[in-house]
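# Observations on chain architecture
The chain contents come next:
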Amino acid sequence: MIVTVQQHILQDQKRFPGASGEFSWLLSGITLATKMVQARVRRAGLSDILGDAGDVNVQGEIQQKLDVYANEALIHCLSARASIGVLASEENEEPMIMGHCSKEANYAVIFDPLDGSSNIDVNVSVGTTFSVMRRPDGVTCEEPQKWLLQPGCKQIAAGYVCYGSSTVLVYSVGNGVHGFTLEPSVGAYLLSHPNIRMPNQGKYYSVNEAYRDGFPPGYNQFLDRLRQGGLGKPYASRYIGSMVADLHRTLLKGGVFLYPPTSDHPKGKLRLLYEANPMAYLVEQAGGVATDGKRRVLDLQPEAVHQRTPLIVGGQVEMAEFLRCVPHEM
Ligand code: P6P
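The structure presented is a predicted model; accordingly, all values stated were derived computationally and were not measured.

Sheet architecture is open: five strands sit in the order S10-S9-S11-S15-S13, paired in mixed fashion. The open sheet has two edge strands, strand S10 (236–237) and strand S13 (289–291), and neither has a second partner. The pairing of strand S9 (residues 204–206) with S10 spans two bridges and is parallel. Residue pairing across strands places Tyr 205 opposite Ser 237, the latter belonging to S10. Docked against the sheet, helix H7 (residues 243–253) engages S9, strand S11 (256–259) and strand S15 (311–314), running at close to 155 degrees with respect to S11.

Quick look at the structure:
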């Protein structure tokens, strides 16, 4: 049976607080923007023919860097949703307060418009991530930080779009994780991965091993255990270097993904609000575990919109072993 994301959301959104079509309308801003983005991502290699960022192309259009284009598409599409009062983007230093922000604007959307964009030139999958927070009671439109700096457990929805061999949208509103594949000929996201469950154990670990000399104690012991068959069959390694793609594989196939603290990034490289939180929300909804190496990611109290965090996500078996090797406060 063909189910579009709009149909699925309408069935789902009774779980969405204050459901009155708000989430389906909010999510339609993301689906529209990501369809626009994927159309450009698919043509990225043609930019030298069609004009590079800042150039004027043969059609007389000003060419934009893809991440600038993606950011503007998301801001444009989401600003048209009256239920959204605040936007925050990886591309914008400061949060954006919507002009229509008033009492019925109850949601903030935090997003990374094009994660992994440095990979585009070599045709590697990239992604868009998003996280939806509800305005805390008593908070006004003049206090956008208070809408944003909430622990990830307060998210009411989260998801990503992976621009890979196909374009896949994965989201959750708190009752399971569902995946939709874009059918380009009709421009609709069709349900392709209903109720995604993360395997208890996988066969891959995913980490940038170039940094292993700077990992904190216990991490290399954990990785050696996986590699040497400590959890049964020895693991293989898969690392794409594009978080959304690495985490999409980990969600579907199981295993473990790590971006640990490193000597260059002692607080980790990935961003808490719009990379770690949405991914941790989805992983937990799918039955997996997500920590920062000490605590549950979704319990972390953010101090700044662009703060970084280490991120380790995996299935129950791998993460039980990780917690044995690396002491946590959980
Ligand atoms: P490294 C891409 O630049 C990114 O932000 C994530 O998508 C990815 O997981 C990470 O950086 C890769 O970082 O240090 O391994 O190249």
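Turning our attention to unusual backbone geometry. Phi angles above zero are rare outside glycine, and Asn 123 is one such case at about 65 degrees. Take Asn 123: it is sitting in the loop between strand S3 (107–115) and strand S4 (126–134). Its relative accessible area of 73% is what places Asn 123 among the exposed residues. A positive phi angle, near 50 degrees, is found at Asn 195, a position not held by glycine. As for its position among the elements, Asn 195 is in the loop between strand S8 (188–193) and S9.

Time to look at the state of the cysteines. Across all of its chains, the model carries one disulfide by this definition. Put simply, Cys 101 and Cys 141 are joined by a disulfide, and their sulfur atoms are 2.0 Å apart. Around the S-S axis, the bridge from Cys 101 to Cys 141 shows a dihedral of about -85 degrees and counts as left-handed. Here Cys 101 is found in the loop between strand S2 (96–97) and S3, whereas its partner Cys 141 is found in the loop between S4 and helix H5 (144–148), with 40 residues between them in sequence. Taken individually, Cys 101 and Cys 141 each receive the classification buried, so the pair is uniform in this respect. Here Cys 162 stays free of any disulfide, with the sulfur of Cys 77 as its closest cysteine sulfur at 20 Å.

About the cut-offs
Residues numbered from 1 in each chain as written. Predicted model: local features only at pLDDT ≥ 70, side-chain atom pairs only at ≥ 80, totals over all residues. Heavy atoms only, no water. Pairing = 2+ DSSP bridges. Helix = DSSP H or I, 4+ residues; strand = E, 2+ residues; numbered from the N terminus. Contact = heavy atoms within 4.5 Å. Axes fitted to C-alpha atoms, helices over the stretch in contact; angles between N-to-C directions. Buried < 20%, exposed > 50% of the residue type's maximum accessible area, 1.4 Å probe, protein only. Disulfide = S-S within 2.5 Å.

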